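Here is how the chains run, residue by residue.
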Amino acid sequence: WADRGADGFRLTSVKYLVEDENLTDEPANPNYSGPPGGYDSLAHPYTTNQPDTHSLVQEFRTLLDSYAKDGDSYKILLTDVMDANIRQVVKYYSSNGTREADIALNYDLQELPAPGDTPGNKTFGRIQGWMDNLPDGK
């Protein structure tokens, strides 16, 4: 698609690209109180946000950057992480000093206002939490 002139790409559900190489079973989520067997009944340290996921995103970023070196236009890269942990989301901007996405989509703000939220205070807190965790220049 880049060869055909696409100027940007969005990697959807990127945190699920790589699983633990040993295919380790996920542990039970101690904070879950719903019916058994649901996705949230387990914690997911072995199937989300693995270090090799960042390596793949970095390789894709390098590939897209090669188009600009060949005189083509800059290719923007967006990641769709969908993680409640802001620190996990912002890691997709860069990991170990290596650039990744231009924009890491933040779905935490999509849920505003949630039931029981005090509109101004919760909104400010979520936005401030996002801004406090962004890397320099973003």
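Residues numbered from 1 in each chain as written. Predicted model: local features only at pLDDT ≥ 70, side-chain atom pairs only at ≥ 80, totals over all residues. Heavy atoms only, no water.

**Observations regarding the pairing of strand S1 (residues 8-11)**
Where burial is concerned, the two faces of S1 differ: the one with Phe9 and Leu11 is buried and the one with Gly8 and Arg10 is not. Summarising the sheet, S1 and strand S2 (residues 76-80) pair through four bridges and their orientation is parallel. When the bridges of S2 are listed, Arg10 appears paired with Leu78. (Buried < 20%, exposed > 50% of the residue type's maximum accessible area, 1.4 Å probe, protein only. Helix = DSSP H or I, 4+ residues; strand = E, 2+ residues; numbered from the N terminus. Pairing = 2+ DSSP bridges.)

**Considerations on helix H1 (residues 51-69)**
End to end, H1 covers 27 Å across 19 residues, agreeing with the expected 27 Å (1.5 Å per residue, within 8%). For H1, the set of buried residues is Thr53, His54, Val57, Gln58, Arg61, Leu64, Asp65 and Tyr67. Summarising the axial view, the buried residues of H1 lie within an arc of 160°, below the 170-degree limit, and thus occupy one face. Across from the buried face of H1, at angles greater than 90 degrees, the exposed residues are Pro51, Glu59, Thr62 and Lys69. (Expected span 1.5 Å × (residues − 1). Arc of directions from axis to C-beta.)

**Here's the deal with the environment of Pro135**
Secondary-structure assignment places Pro135 in the segment after helix H3 (119-133). Measuring from C-alpha to C-alpha, the distance between Pro135 and Asp40 comes to 29 Å, with 95 residues separating the pair along the chain. The contact partners of Pro135, leaving out residues within four places of it in the chain, are Val90 and Tyr93. (Contact = heavy atoms within 4.5 Å.)

**Observations concerning the nonpolar core**
Grouped together as the largest cluster of nonpolar side chains are 17 residues, with contacts concentrated most on Val14, Val57, Leu77, Val90, Tyr92, Tyr93 and Trp130. When contributions to this core are tallied by element, the ones reaching two or more residues are S1, H1 and helix H2 (86-90). When residues no more than four places from it in sequence are discounted, the contact partners of Val57 are Leu11, Val14, Leu77, Thr79, Tyr92, Glu100 and Ala101. (Core = buried A, V, L, I, M, F, W, Y, C linked by side-chain atoms within 4.5 Å.)

**A closer look at the packing of aromatic side chains**
For the structure shown, the criterion picks out one aromatic pair. Judged by centre distance (5.8 Å) and plane angle (85°), the rings of Phe9 and Phe60 are edge-to-face. Here the residue Phe9 occupies a position in strand S1, and Phe60 occupies one in helix H1, the gap between them amounting to 51 residues. For Phe9, a relative accessible area of 17% translates into the label buried. What makes Phe60 partly exposed here is its relative accessible area of 24%. Above the face of the Trp1 ring, Arg4 is positioned so that its terminal group lies 5.4 Å from the ring centre. (Phe/Tyr/Trp six-rings, centres within 6.5 Å; stacked < 30°, edge-to-face > 60°. Lys NZ or Arg CZ within 6 Å of the ring centre and 35° of its normal.)

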